[in-house]
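Structure assessment
Below are the chains, spelled out letter by letter.
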Amino acid sequence: MLFQSLTELCEKLSATTKRNQMTENVADFLKILDNEEVEPAVSMLLGRAFPKWDQRTLDVSWATISNVIERLTKTDWKEFSATFKKTGDVGSATQAVFEVNKVHRQAALFEEPLTISEVRKVLEAIAEATGQGARERKERYIESLFGRANPVEAKYLVKILIGEMRTGFHEGLMELAVSKAFSVPLKTVQKATMYTGDIGEVAIICKKQGAQGVSNLSFTIFRPIKPMLAKMAETLDEPLREYGGKAAFEYKLDGARIQIHKLNSEVRIFSRRLTDVTRSLPEVVRQVRQEIAVDKAILEGEVIALGQDGNPLPFQHLMRRFRRVHDINTMLMEVPVKLFLFDALHVNGENLIDFPYLARRQKLKEISGNIPLTEQIITDDVDQAKQFMRKAVDQGHEGLMAKRLDGPYTPGIRGKHWFKIKEILEPLDLVIVAAEYGYGRRHKWLSDYHLAARDEESGSFYMLGKTFKGLTDEEMEDMTQRLLEIAVRQEGHVVFVKPSIVVEVAYNEIQESQTYECGMALRFARITRIREDKSLDEADTIQRVRQIYEKQFEKKSRLNRQQYREG
Ligand code: AMP
């Protein structure tokens, strides 16, 4: 099948918002594909180069892609940026420069058209190009694709390379399309996607073996499963009410979630985003090998970083472990981690996800050896839950998780079987000192706001973070107008303004920062209100922010300066 047919389908999908029509179109397309084209086509339609569980990555930067585009179309960067400004979409901008600069690309007319299978092969070659000279090789492969592409094909090649389709056709609709195309019940398709971790693979099994074949699918060890997610609860009463009076509460550890797969002595660890982080956590691998007393298991837990005093370290130090695979041994010494287990999804051939929480926890207890489980109580007494919350927070943890005693494990779903309850931090009132134009839908709006606090002594403003979260479209449009009226200068897409607008900002933590001059940064900042009622001198000061920052360390450990610099 020609790649052009796939891109024509994408154009149709972009042109409508009718879900029925979208799934019909995709179902018809899937039916006429050859077997080996099914998974690549499904992946590409969802903006992926490879199936979801696949650990290969393209690792191409926008600089590499734009080099190729510039060379082939003889466009200079300014021309491309101008086109991008108009459309707000790199794919469409690419299509536009390909159309305008057709004369330079006559050669493409004499080439054989691309097929879906050929595009996949080149994507594989791009992913496999690593080590010395990788960038040049990747660039040559990309050029070989674009050299044969028409403007619409170029548009979608860019989208696949950067992993953003924006046709409005998402994984849920793909499940519907696969169900329709091969007459397999939707529920069966959904369950199989959960087990195998990829709808593309399910599609081909549906095509080859029908409903019967698909219902035989199960978890595969070493293929990560989407994690179950939790809803937010404001109070501890809420889960108790929702669960009929009684609930399990566990410490909510502020670390990184990991999914552990074990088959005999082989252990692999996946992050919450399902990337393989085995190499970053050798001591966890060792511990699992030693302690987990079964041959085959899929377990979940949280790793937290520990300071020298044994208290948890702020989250940012743990994430350094995931980023630095090169010098793991130094990091092991600097940032030791501790694993706490909290769920078991599969043990020795038995899938546990439909088992109630209590049974899974019991199973976990039986097989976990000396690895601790998350601290837990089961109670119907809200005061007891409150005491437990206090204990968790006093020990430097984030809050509690509440779990329904008979709740199943629901991969990828944010339902009410789990609630997270966090200690609420007082929001800060900060001042907008600059703003950036956004991307895509937001490209006409100043939608990314630079937030700052005032220094009581000098009167200057110190930046603490940026956020594009919290405002509605109308508020953003309105805010853009207001900011442009008080703009003092523009540098690139950043507009600097006279400090005068105060906003209320919620956040999860104040981190140590090497980016901002004041040495602090807000984690997960989001605007909760525009404080029309507050003037500049009523906004929070940098001194108060520092006070809150220091207070965090009454409960949390901190790295000493020396360690921090080395990170
Ligand atoms: P969320 O991912 O936003 O739904 O919040 C839940 C997150 O809390 C999980 O992804 C885990 O990383 C983390 N977590 C910490 N402690 C626990 C626990 N005891 N049970 C489940 N998740 C936990």
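Keep in mind it's a predicted model, so treat the numbers as computed, not measured.

**Focus: the packing of helix 1 (residues 3-14) against helix 3 (residues 35-45)**
Axis separation between helix 1 and helix 3 bottoms out at 11 Å; the angle between their running directions is 35 degrees. The way helix 1 lies across helix 3 gives a crossing that is right-handed. Together, Phe3, Leu6, Leu9 and Cys10 of helix 1 and Ala41, Met44 and Leu45 of helix 3 make up the contact between the two elements. Each residue belonging to the contact of helix 1 with helix 3 can be placed in one class, and the counts come to seven nonpolar, no polar and no charged.

**Details of the confidence of the model for the protein chain**
Confidence along the protein chain averages 90 in pLDDT terms, with 93% of residues attaining 70 or more. Taken as a whole, residues 560-567 scores under 50 in pLDDT and shows 15 contacts with residues more than four places along the chain or in a different chain.

**Section: the environment of Thr472**
Checked against the element boundaries, Thr472 lands in the loop between strand 13 (461-467) and helix 20 (473-485). Residues Thr472 and Tyr449 lie 23 residues apart in sequence; the distance between their C-alpha atoms is 14 Å.

**Quick notes on the side chain of Asp89**
Secondary-structure assignment places Asp89 in the loop between helix 5 (77-87) and helix 6 (90-100). Note on Asp89: relative accessible area 11%, which makes it buried. Among the polar contacts made by the side chain of Asp89, one reaches the main-chain amide nitrogen of Ser92 at a distance of 2.8 Å. When sequence neighbours within four positions are dropped, the list of residues in contact with Asp89 reads Phe84, Lys159 and Arg166.

What counts and what doesn't
Residues numbered from 1 in each chain as written. Predicted model: local features only at pLDDT ≥ 70, side-chain atom pairs only at ≥ 80, totals over all residues. Heavy atoms only, no water. Axes fitted to C-alpha atoms, helices over the stretch in contact; angles between N-to-C directions. Helix = DSSP H or I, 4+ residues; strand = E, 2+ residues; numbered from the N terminus. Left-handed = near helix turned anticlockwise from the far one by under 90°. Contact = heavy atoms within 4.5 Å. Nonpolar A, V, L, I, M, F, W, Y, C, P; charged D, E, K, R; others polar. pLDDT = per-residue confidence, 0-100. Buried < 20%, exposed > 50% of the residue type's maximum accessible area, 1.4 Å probe, protein only. Polar contact = N/O pair within 3.5 Å; in protein donor to acceptor, adjacent residues only side chain to side chain.

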